[in-house]
Amino acid sequence: MSRTPRIVVTGIGCLSPIGIGVANFWQALLDGKNGIGRITSFDPGDLTTQIAAEIHDFNPDDYMHKKESKRMDRVLQFAVAAAKLAIDDSGLTIDESNNKTIGVSIGSGIGGMGTFEVQHKALLEGGSRKVSPFFIPMMIPNMCAGQVSLQFGIKGPSFSVVSACATGVNGITSAMDTLLTGRAQVMLAGGSESSICAVAMAGFCAMRAMSTRNEDPAKASRPFDKERDGFVMGEGAGVLVLETLDHATARGAKIYAELVGYGCTNDAYHITNPDGKGAAEAMRIALKDAGLRPDDVDYINAHATSTPVGDPMETAAIREVFHGHVDKLAVSSTKSMIGHTLGATGALETICCVLAVQNDAVPPTINYEFPDPECQIDCVPNQARRMTVRAALNNSFGFGGHNAVVVVKKFSQN
């Protein structure tokens with residue numbers, strides 16, 4: 001399928017537990033760097049899971065005025081910082097001559113949970129007068145897009161998609177639609193999350209969804225490995241500058257890759273679905289939308305969170321869609337290194353796919369030691385791989401049955 005207009009990636013901004021900025025993030029992925037350790041941002045006390053993938057070297061004042069950052073939850077600070085990095089990387093100038101043609105689609109799966117926790121404690125201990133007047137705008141998820149628009153003077157379409165762990169990909173694909181319909185010429189798109197706080201961790205612990213490998217955190221996230229016991233919470237943000245090809249060419253922008261299709265479905269079955277049929281359908285739709293055959297794809301950045309049920313489900317879905325080509329397909333999970341960043345994960349993993357097709361290399365799935373007969377797939381175990389990557393898929397599946405897949409293709413002028 002030939003899309004009009006074509007949509008290209010011209011800028012990347014990312015914050016992750018293994019590196020801030022596109023060059024640092026990509027090199028850390030290729031090196032198999034592990035960002036998981038014991039929680040330091042609060043005392044995990046008696047939580048059954050006491051580990052996470054935290055960002056330790058982030059200073060919001062490097063990206064915005066201190067007065068502004070103090071009025072933002074960490075999730076909003078991440079979104080603004082990632083957007084600034086992406087804008088700077090793209091070489092895009094935003095001013096009164098073009099700010100109405102630029103839009104923002106950046107969401108969060110949970111929003112400012114840390115602020116919610118702090119303000120609820122203030123209410124209980126000091127009464128309603130102790131609650132900050134900035135409480136609501138600091139925590140609601142739409143303020144990821146709102147604050148980015150405010151900080152950079154962007155006056156075009158601005159919105160946030162919230163679809164749990166599919167938020168990042170849905171944010172990107174909604175931005176694609178905005179470009180395709182001509183409502184903008186440039187979109188900042190992605191996701192942000194920072195929910196490593198007591199109440200969020202307690203909630204996921206109560207679900208028994210997270211790894212309890214507290215004594216060996218570096219090996220806790222192990223997608224596709226038989227000994228996996230749950231996901232590890234991460235935090236971060238990813239923002240891409242997306243443009244129509246004509247706009248990017250006219251301003252002489254560098255082009256990383258092209259976004260050529262996507263698929264979105266819902267299982268409409270349960271908050272999670274072990275059979276993978278909705279995931280498989282999303283991949284089929286994405287391939288059809290991109291005008292690609294299964295054997296045109298060389299790499300999948302899997303959703304694979306290291307849960308006992310989720311990884312076999314995704315494996316089965318991939319095998320169903322790719323059939324005989326599956327044995328030639330590289331499928332890795334970067335969550336083995338950065339944990340599960342929830343609403344940011346689809347954005348960070350789409351960035352991984354963009355860099356994979358640009359650089360002809362794919363990051364590994366680290367901590368792969370014990371093959372699981374239910375996960376028979378080439379998961380690029382433990383070492384990055386140099387290989388031709390013509391096209392890549394990013395899979396993101398979220399609580400509520402949300403399935404989102406985006407297709408990234410190597411850019412050529414033809």
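The structure we're discussing is the one just above.
Residues numbered from 1 in each chain as written. Predicted model: local features only at pLDDT ≥ 70, side-chain atom pairs only at ≥ 80, totals over all residues. Heavy atoms only, no water.

*Asks:* Provide a residue-level description of the side chain of Thr 365, including the pertinent values.
*Replies:* When you line up the elements, Thr 365 lands in the loop between β12 (361-362) and β13 (385-386). By relative accessible area, which is 0% here, Thr 365 ends up buried. Of note is the side chain of Thr 365, whose polar atom sits 3.0 Å from the backbone nitrogen of Ser 333. If near-sequence neighbours (up to four positions away) are discounted, Thr 365 is found in contact with Pro 223, Val 331, Ser 332, Ser 333, Ser 336, Cys 379, Val 380, Pro 381 and Asn 382. (Helix = DSSP H or I, 4+ residues; strand = E, 2+ residues; numbered from the N terminus. Buried < 20%, exposed > 50% of the residue type's maximum accessible area, 1.4 Å probe, protein only. Polar contact = N/O pair within 3.5 Å; in protein donor to acceptor, adjacent residues only side chain to side chain. Contact = heavy atoms within 4.5 Å.)

*Asks:* Describe the packing of helix α7 (residues 167-180) against helix α13 (residues 345-359), naming the residues involved and giving the relevant values.
*Replies:* Remark: α7 packs on α13, axes separated minimally by 5 Å, with the N-to-C direction vectors making an angle of 70°. Here α7 lies roughly perpendicular to α13, going by the angle between them. Between α7 and α13, the residues in contact are Gly 168, Val 169 and Ile 172 and Gly 346, Ala 347 and Thr 350, respectively. Tallied by class, the residues present in the contact of α7 with α13 amount to three nonpolar, three polar and no charged. (Axes fitted to C-alpha atoms, helices over the stretch in contact; angles between N-to-C directions. Parallel < 35°, antiparallel > 145°, perpendicular 65-115°, else oblique. Nonpolar A, V, L, I, M, F, W, Y, C, P; charged D, E, K, R; others polar.)

*Asks:* Explain the environment of Pro 137 residue by residue, including any values.
*Replies:* Assignment of secondary structure puts Pro 137 in helix α5 (residues 135-139). Using a relative accessible area of 33% as the deciding quantity, one classes Pro 137 as partly exposed. Sequence separation between Pro 137 and Asp 327 is 190 residues; the distance between their C-alpha atoms is 48 Å. Setting aside its immediate chain neighbours within four residues, Pro 137 contacts Leu 76 and Met 143.

*Asks:* Break down the pairing of strand β1 (residues 7-16) for me, with residues and values.
*Replies:* β1 sits mainly inside the fold: ten of its ten residues count as buried. Examined bridge by bridge, β1 and strand β9 (residues 257-266) share three bridges and lie antiparallel to one another. For Val 8, the partnering residue across the bridge sits in β9 and is Glu 258. Across eight bridges, the pairing between β1 and strand β8 (residues 236-244) is antiparallel. Its bridge partner being in β8, Ile 12 is matched across the sheet by Leu 240. Summarising the sheet, β1 and strand β2 (residues 19-20) pair through two bridges and their orientation is antiparallel. Bridged to Leu 15 within β2 is Ile 20. (Pairing = 2+ DSSP bridges.)

*Asks:* Account for the nonpolar core, with residues named and values stated.
*Replies:* Membership of the largest hydrophobic core comes to 50 residues, with the highest contact counts inside it found for Ile 12, Leu 242 and Tyr 299. When residues of this core are assigned to their parent elements, the largest contribution, nine residues, is made by α13. Once you skip the residues sitting within four places of it in the chain, Ile 12 turns out to touch Val 22, Leu 85, Ala 86, Asp 89, Val 239, Tyr 256, Ile 351, Val 354 and Leu 355. (Core = buried A, V, L, I, M, F, W, Y, C linked by side-chain atoms within 4.5 Å.)

*Asks:* Kindly report on helix α1 (residues 22-31), identifying the contributing residues and their values.
*Replies:* Turning to α1, its buried residues number three or more, namely Val 22, Phe 25, Trp 26, Ala 28, Leu 29 and Leu 30. Residues of α1 that are buried sit in contact with β1, β2, α12 (335-338), α13, β12 and β13. Two residues or fewer past α1, Gly 32 is found with a positive phi of approximately 70°.

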